[in-house]
Each structure stands twice: as C-alpha cells, then as structure tokens.
Amino acid sequence: MLKEKIKTNSNPVGATSSRPYFEEKAKEKNGITLIALVISIIVMLILVGVTVTVALNGGLFVTTKETVNKYNKETDLEQIRTAYSLQYQSIKESEELKNKTNKEIFEDIKNCLSFEGATYNIVSEFMNIVKKDGTQYTLFADGTITEGKVAYLDIADGSIELKSNGYIQGENALVEYAGKYIITGTTTENTVKVRDKGTYDITIKDLNIDLSLGTNKCAFNANASKLKTGCCVTVTIEGENKLISNGYPALEFAYATPNVNGVTDGSTLTIQGEGSLYAEGGNYSAGIGSAYASGDANNITINSGDIVAKTGNNGCAIGGGLRADANNIVINGGNITAIGGECGAGIGSGFDGDGSYITINGGTVTAIGGKYAAGIGGGYTKDGANITISGGAVNAIGEASAAGIGGGCFGDGINISITGGIVNLSAGRDGAAIGGGEDGNGTSGVSGIGNAIIVDNLSKTVTVYGNVTLAEKLVVPAGYTMIVRDDATLTIDTDGILDNRGTIENNGNIINDGIVHNKGTITGYNVGGTVIIYDFIITGGTEDIDYTYIDGCLTILTETPITVANKNPNVTTANIIVVASDVSANITLAGVNIAANSSAFTIADNSKGNVTITLADGTENTLGASLIDCGGLVKTGGDDSGTLTINGSGKLTAIGNWNAAGIGSLGNTNAANIIIESGTIIAHGGGSGAGIGSGYRGTATNIVIKGGSVTAIGGVRIANTSSGRINIGGAGIGGDAG
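Just so it is clear, the structure is predicted and the values come from calculations on it, not from any experiment. (Residues numbered from 1 in each chain as written. Predicted model: local features only at pLDDT ≥ 70, side-chain atom pairs only at ≥ 80, totals over all residues. Heavy atoms only, no water.)

Brief notes about the overall build of the protein
- From N to C terminus, the protein includes 3 helices and 71 strands.
- In the protein, which comprises 738 residues, the proportion classed as buried is 50%.
- At a minimum sequence separation of 6, the contacts of the protein that also span at least 24 residues come to 66%.
- Put simply, the protein shows about 30,600 Å² of open surface, and 48% of that area lies on carbon and sulfur atoms. (Helix = DSSP H or I, 4+ residues; strand = E, 2+ residues; numbered from the N terminus. Buried < 20%, exposed > 50% of the residue type's maximum accessible area, 1.4 Å probe, protein only. Contact = heavy atoms within 4.5 Å. Areas by Shrake-Rupley, 256 points an atom, 1.4 Å probe, with all protein chains shown as cover.)

Given below as structure tokens:
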C-alpha cells in the first residue's frame with residue numbers, strides 16, 4: 001500500500017484540536033514538461049489500441065498500461081499534495097482563514113482538485129477521494145496520503161464489531177467495507193471485537209477504553225470468534241492509547257493454532273507503531289493475551305511501540321491467563337514493560353500455565369513476574385521452555401522462588417538460549433537466574449549462551465560471552481564484577497560507554513574504540529583506548545540519584561550521607577567535589593587528597609543548603625588548588641546563605657591559591673556562615689586571601705570556631721606601589737587584604 005507524508009512543522013493552526021497541520025510551503029504549479037506531454041499523447045494512443053515506441057532521453061521506451069497507471073498515480077498524488085500546500089499558504093497569509101475547521105479546509109482542498117466525476121467523503125480527520133475509475137486516496141489532516149479507503153470510527157458512538165465484509169457500530173446496520181480502520185475516542189462502556197476470518201489493518205489513535213468500573217467485559221477482543229486459523233490482525237498504535245478491562249484481558253487474543261514446529265496458518269496478532277499503549281487486564285487474565293481458561297495465547301508479535309502491559313492476580317502481562325498456556329510470543333522491537341499479577345509471568349503464562357516458544361530479537365524489554373512466577377517463562381508451578389533471546393536490552397525479574405528466565409516456582413526451565421543482547425536477570429529465592437524455579441530443574445535447561453552480556457543480580461556478576469559489541473552505555477554497578485571470559489571479546493564502539501563502578505576482570509579481550517569510565521578497578525589484561533581514571537571511592541548513596549561522578553567531578557545531589565576517600569590517599573588526584581545548589585549535603589572525608597586544577601571542594605555560590613563535612617577518625621584530608629583564583633574548600637555567599645559545618649576527629653588541610661581563601665570565598669566574593677566544631681584544621685589562604693574567610697577584596701561574616709585545633713594562615717603577595725614594593729596579606733581568620 002502506498003503511504004507517504006507531506007512535511008510539516010510543529011505549529012497547528014485552526015479552531016479544532018485535531019485540525020490539519022498545513023505546513024509544507026506552497027509549491028508553484030509548473031507547466032507540463034516535454035516528458036509529461038509525450039506520456040499524455042501515449043495515453044491517448046493506448047486508449048485507441050495503438051502501441052507506440054518513442055525515443056526518450058537517448059533510449060527506446062516502450063509504453064505499457066502499467067507505466068501509464070504508475071504515471072497516473074504519481075500525477076494524482078502530486079495534484080493532492082499541491083492542493084494541500086496551497087491551503088497551507090492561504091492559511092499562513094490570512095488571519096481570518098486560521099479559524100477554519102478541518103472540514104472547511106478539506107472542502108477548499110476538494111475545490112482545488114480536478115478529478116472529473118470523483119466523489120468525496122469528508123470528516124474532521126480525513127478526506128476520502130474516489131475517482132471515476134475506482135481509484136481511491138485518503139488525505140489525512142496531518143498531510144499523510146494513503147492509497148485506498150479508510151473507515152474512521154469513534155468508539156464514543158458505540159461498540160464496534162469488525163467482520164469480513166464490513167463493520168457494525170452500535171445499533172446500526174452492517175456497513176459493507178474492506179480496508180483500513182482507524183479507531184479513536186473515549187468510552188467507559190463500549191468495546192471493539194474482531195469477529196470473522198480475514199486480514200485486518202487496524203490503527204488505534206488516542207483510543208481510551210476504560211471498563212474498570214463496569215461489568216466484566218473485554219476492551220478489545222482481536223479474535224472474538226475463537227478462530228484457530230485465518231484471523232490475522234495488525235494493530236498499529238498512534239498517539240496515546242489506553243485499554244483497561246474488568247475480568248478480561250485488555251487486548252484479548254486466544255485460541256489460535258500456535259505457529260511452531262512447521263505450522264504457519266494459525267491466527268495472528270501483530271502490534272506495531274510509534275505511539276504508546278497501556279493495556280491492563282483484570283484478575284485471572286492477561287494484559288495482552290488470553291483470559292481464564294479461555295484458550296491459549298498464541299502467535300502474538302510486537303514489532304515496535306511504547307507498551308506497558310499489566311494485569312491482576314494469576315494472569316500474565318503478555319501471554320496466558322489463569323490455566324492457559326502461551327506459545328510463539330515474539331518481540332522484535334519497541335519499549336516494552338510487562339508486569340505480571342501474583343502467580344503470573346511478565347511474559348509467558350499465568351498460574352498453572354506453561355510459557356513456550358518465546359523469542360526476543362530486539363527492543364528494550366522489562367518483564368517482571370508476579371509472586372512465584374518467572375520474569376519470562378512459566379507461571380506458578382509451570383515451565384518456561386524454548387525461550388530465545390538474540391538481541392535487545394532485556395530485564396527479566398522472577399519473584400519468590402521463580403527463575404528470571406525459565407520456570408515458575410516448582411517449574412522447569414527447558415531449552416533456553418541467549419545468543420545476543422544485554423540480559424539483566426533477577427531470580428526469586430532458590431530460583432535460577434536462567435533455568436528452573438524452586439524445586440524445578442534449575443540449570444540443565446540452558447541450551448546455550450553466546451555473543452551476549454548476562455547480568456546476574458544474585459551473584460552480582462556481569463559476564464561477557466562470545467563476541468559482543470557495545471554501542472550504548474553499560475554500567476557495572478558498585479559491588480559487581482564484570483567477567484570477560486578468556487574466549488570472549490568485548491568491543492566498545494565509538495558510541496559505546498563502559499561505566500565501571502565495580503570490578504572488571506579482563507580475562508579475554510576488550511577493544512576500546514569508545515570510552516571507559518573506570519571508577520572501580522580493572523584486573524587482568526590491559527584495556528587500551530580512552531580510559532578515564534576516577535580516584536575516589538564512594539560509599540553510601542546511589543549514583544545518578546544521590547550523586548553523579550562524571551569526568552572526575554563528584555557532584556552531590558541530595559542530603560543522603562556519603563563517604564569519600566582516595567583509592568590511594570598517599571597519591572594526589574585532580575578529581576574534585578561539588579555540592580549542588582541548595583543541597584544540604586552530609587559528607588564524610590575519609591582520606592581525600594586533592595591537588596586540582598580548579599577549586600578542590602566547592603559549594604554552589606550562595607547556596608541555601610546547610611552542608612556538613614565530617615572528618616573521619618584517624619584520616620588526613622587535603623583540599624588543594626593549583627591554579628590562580630581557586631580555593632581549597634570554597635563557600636561563597638552572604639548572610640542569607642546556608643551554613644558550612646566542619647566536625648569529626650580527623651585532619652583537614654585546605655589550601656587556596658592566589659586571591660582565594662583556604663576555607664571560604666574566592667577573590668571579589670564574600671564568605672559567611674562557617675562553623676568549625678572539631679577536628680584538626682589547617683587553612684592556608686592564597687595571595688591576599690584569608691586562611692578562613694574571604695578571598696581578595698571580599699568580606700567575611702559569621703565565622704565561628706567552637707572547638708578543635710585550628711590553624712589559619714592568611715596569604716601574602718608582593719605589590720609594587722609608588723612607595724616601593726610592599727607585602728599585602730590576608731587575615732588568618734576573616735577578610736582579605738583589599
């Protein structure tokens with residue numbers, strides 16, 4: 001089917017929310033070219049039975065009816081595009097026309113067309129054009145042109161039943177029709193059913209069916225007549241869609257003969273598109289799949305889309321309901337989240353059902369099993385078999401005695417193969433990461449692993465098998481060990497990032513064409529390429545939530561207590577520490593030794609957060625700056641800024657460079673609200689900067705020493721004056737020399 005889209009911009013015009021975006025710049029109509037004239041003559045000659053051979057562009061061109069038809073189609077499309085563009089230009093140039101509705105604009109487009117004898121069907125979202133020879137085109141409000149007719153149905157107008165020879169909506173009679181369907185609108189009572197054998201092309205566009213407060217009904221049944229063969233449904237998702245059922249699947253598809261072991265004629269459901277779909281089933285049913293004991297969920301394929309599927313107790317998110325199996329579930333792409341109910345898998349089967357022939361070839365897939373069920377595979381008491389992962393990023397989480405991938409509690413994992421992708425696995429108590437659940441066959445069901453990265457959250461290992469190319473970011477969490485096997489090669493391509501926060505054991509080969517951020521340790525063979533070394537050991541908090549550590553800069557984001565130390569306190573580092581604005585941070589320094597090309601430790605300027613620094617017992621800490629106008633421990637701001645408190649029994653040496661205080665502000669800025677409660681403190685100001693207080697030409701207020709051993713030495717610099725050279729010194733505690 002021919003489908004193309006006219007370029008648009010982001011600014012809709014007109015009176016309705018769904019009005020067209022007439023945004024392609026108007027094109028001037030050009031005269032008929034010589035080629036077009038020749039072809040037009042050929043068309044007329046063909047109509048009287050003459051075959052013509054002409055020389056065109058230096059070659060012989062034998063005109064056929066197929067060529068003429070192709071030419072006619074191209075000229076039809078160009079005429080529709082031009083009419084659409086002219087309306088855009090008119091609206092752009094007239095404030096009055098900008099208030100036109102979709103229907104009015106489609107009427108104007110119709111008047112620009114010269115299809116003799118054509119009929120037009122105009123609704124708010126599209127215009128259907130039927131030419132005299134039967135050729136049909138549909139022009140949508142967003143500029144899309146489709147060959148053929150489209151039935152545009154609003155679910156608010158009544159329940160929809162699609163049949164092999166047309167459709168029925170509400171109490172209306174059958175409308176004879178064969179073509180594409182677009183279903184939209186909002187309802188709390190109406191439903192969609194596919195009733196007969198046939199091939200159905202259905203787009204759901206901003207469709208919202210919420211039956212959660214009504215009687216037990218299925219929002220969308222894609223195989224309502226339980227057809228084992230011959231019912232092939234494609235659902236394309238556009239915009240934001242929501243299907244919620246009570247006691248049934250949100251999107252039901254069951255009874256099909258599974259297309260496995262050579263069988264190919266089973267009924268099928270295919271989901272695709274660039275929109276989103278939220279599908280929530282009721283108790284005992286799947287989110288997408290089958291209902292309680294109502295036939296197995298077979299032959300479901302997801303190619304794309306942003307999809308969240310979840311369900312109530314005993315049902316699987318994508319697959320079978322209670323006591324229903326699932327076979328031939330395929331995911332090729334998209335961003336898929338599947339959350340099973342208690343005893344139901346994320347992807348696979350519900351309670352007392354087997355999940356078999358599950359294939360993931362791509363996409364980002366998160367499958368979370370309910371209690372006692374696998375993330376991918378079997379529900380409670382049942383098996384997960386013939387599961388293949390060949391690509392994508394897959395997160396499989398089994399709960400309470402179930403496998404991550406494989407069997408539910410008491411179920412086996414059989415013939416599980418991982419040949420690609422990054423697979424993140426979490427198993428319930430006594431369940432295998434890959435294999436069986438508790439009391440099931442835990443490991444022998446694994447048939448092969450290769451060319452993949454497996455993350456086992458139980459053993460805290462990240463294992464590289466075979467040959468793997470990393471084209472995105474991969475994090476080795478703190479406390480985890482990445483093992484590159486001796487027969488494995490990990491290639492980090494130019495877009496790849498390996499963020500090591502734990503340990504890497506390189507027993508094989510790492511080819512680094514991207515970036516390695518080494519915040520932990522690397523053992524084994526050397527890793528070449530760009531490796532950024534991070535020198536801090538950080539405990540407490542969670543990276544990317546409580547702090548970030550990027551390119552040697554540790555930024556504190558929350559008040560969660562963290563402890564910072566050098567990996568080797570006897571060796572200086574150029575890594576630095578920053579507290580984000582208005583954060584009341586709690587930081588323990590436990591052997592930090594910084595000599596930075598900037599300020600060593602900085603609290604954001606005039607931050608309202610109260611920062612507490614604790615000096616760990618028995619540790620020595622140094623905060624030094626090696627560049628002009630950089631401080632050791634920088635706190636700038638007025639009396640309304642937060643308070644810096646230093647305590648603990650350890651030692652801190654803070655050294656400011658030219659114009660900056662050791663502890664306090666930089667040059668030409670003020671310092672306030674600094675309290676020292678305990679510890680051994682030695683603060684050196686840079687030239688003209690205070691030891692503790694302000695930098696050059698700044699002021700210092702509310703500096704309080706409550707305890708500890710404090711040595712504060714102001715910086716001195718030599719200045720040339722009319723009276724000769726003099727020394728200008730900053731205060732030990734207080735203001736500058738200016």
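Now, onward.
Some words on the side chain of N518
- Structurally, N518 can be placed in strand 47 (residues 515-518).
- Side chain to side chain, N518 and N500 meet in a polar contact 2.8 Å long.
- Sequence-distant contacts of N518, that is, excluding residues within four places in its chain, are made with N500, V531, I532, I533, Y534 and K567. (Polar contact = N/O pair within 3.5 Å; in protein donor to acceptor, adjacent residues only side chain to side chain.)

Overview of the sheet that holds strand 56 (residues 593-596)
- Reading across from one edge, 56-59-62-65-68 is the order of the 5 strands in this open sheet, with parallel pairing throughout. In the strand order of this sheet, the two ends are held by strand 56 and strand 68 (709-713), each with one partner. Strand-to-strand, the axes of this sheet are offset by a mean angle of 5°, without reference to chain direction.
- Alignment of strand 65 (residues 680-684) against strand 68, held across 5 bridges, turns out to be parallel. Its bridge partner being in strand 68, I681 is matched across the sheet by V710. (Pairing = 2+ DSSP bridges. Axes fitted to C-alpha atoms, helices over the stretch in contact; angles between N-to-C directions.)

Points about the pairing of strand 34 (residues 413-418)
- Across 5 bridges, the pairing between strand 31 (residues 384-389) and strand 34 is parallel. Within strand 34, the residue paired with I389 across the bridge is I418.

Digging into the sheet that holds strand 43 (residues 489-492)
- A sheet is described by the order of its strands in space; here 3 strands give the open sequence 40-43-46, paired in parallel fashion. The sheet is open, and its two edges are formed by strand 40 (467-470) and strand 46 (509-512), each paired on a single side. Pairs of neighbouring strands in the sheet enclose a mean axial angle of 15°, with direction left out of account.
- Relative to strand 46, strand 43 runs parallel, the two sharing 4 bridges. Note that in strand 46 the partner of I492 across the bridge is N512.

A look at the state of the cysteines
- As enumerated under the stated definition, the model contains 0 disulfides in all.
- Lacking any disulfide linkage, C232 is separated from the closest cysteine sulfur, that of C231, by 6.9 Å.
- A relative accessible area of 26% places C232 in the partly exposed class. (Disulfide = S-S within 2.5 Å.)

Re unusual backbone geometry
- Positioned with a positive phi, D206 is a non-glycine residue whose angle comes to about 50°.
- Positionally, D206 belongs in strand 14 (residues 198-210).
- The backbone of D551 sits at a positive phi, close to 50°, despite the residue not being glycine.
- Within the secondary structure, D551 is located in the loop between strand 51 (547-550) and strand 52 (553-556).

Describing the pattern of salt bridges
- Within this structure, the stated rule accounts for 16 salt bridges.
- With its nearest N and O atoms 3.6 Å apart, the salt bridge here joins R195 to E161. Separated by 34 residues along the polypeptide, R195 in the loop between strand 13 (192-194) and strand 14 and E161 in strand 9 (residues 160-163) bring together distant segments of the chain.
- For R195, a relative accessible area of 21% corresponds to the partly exposed category.
- Each member of the salt-bridge network shares a partner with another, and the members are K473, D499, R501, K519, E543 and D544. (Salt bridge = Lys/Arg side-chain N within 4 Å of Asp/Glu carboxyl O.)

Here we look at the pairing of strand 45 (residues 503-506)
- Where burial is concerned, the two faces of strand 45 differ: the one with I504 and N506 is buried and the one with T503 and E505 is not.
- Pairing of strand 45 with strand 48 (residues 521-524), which is carried by 4 bridges, proceeds in the parallel orientation. Within strand 48, the position partnered with I504 by the bridge is I522.

Considering the confidence of the model for the protein
- Put simply, the protein has an average pLDDT of 86, and 86% of its residues get 70 or more.
- Across residues 1-39 the pLDDT falls below 50, and counting only partners more than four positions away or on other chains, this stretch makes 90 contacts in the model. (pLDDT = per-residue confidence, 0-100.)

Observations regarding the side chain of T301
- Along the polypeptide, T301 turns up in strand 22 (residues 297-302).
- For T301, the contacting residues outside a window of four places in its chain are L269, T270, I271, V330 and N332.

Overview of the packing of aromatic side chains
- Evaluation of the coordinates by the stated rule reveals 11 aromatic pairs.
- Arranged with centres 5.5 Å apart and planes meeting at 50°, the rings of F126 and Y152 form a pair that is tilted. Linking F126 in strand 5 (residues 126-130) with Y152 in strand 8 (residues 150-154), this pair joins segments that are 26 residues apart in sequence.
- Given the relative accessible area of 2%, F126 is considered buried. (Phe/Tyr/Trp six-rings, centres within 6.5 Å; stacked < 30°, edge-to-face > 60°.)

Examining the nonpolar core
- Core analysis: the largest hydrophobic core is formed by 67 residues, its most contacted members being I202, F220, L269, I288, I347, I376 and I405.
- The residues contacting I347, other than those within four sequence positions of it, are C316, I318, I329, I331, A338, I358, V365, A367, G375, I376 and G377.
- Listed in part, the 37 residues of the second largest apolar core include F536, I576, V583 and I587. (Core = buried A, V, L, I, M, F, W, Y, C linked by side-chain atoms within 4.5 Å.)

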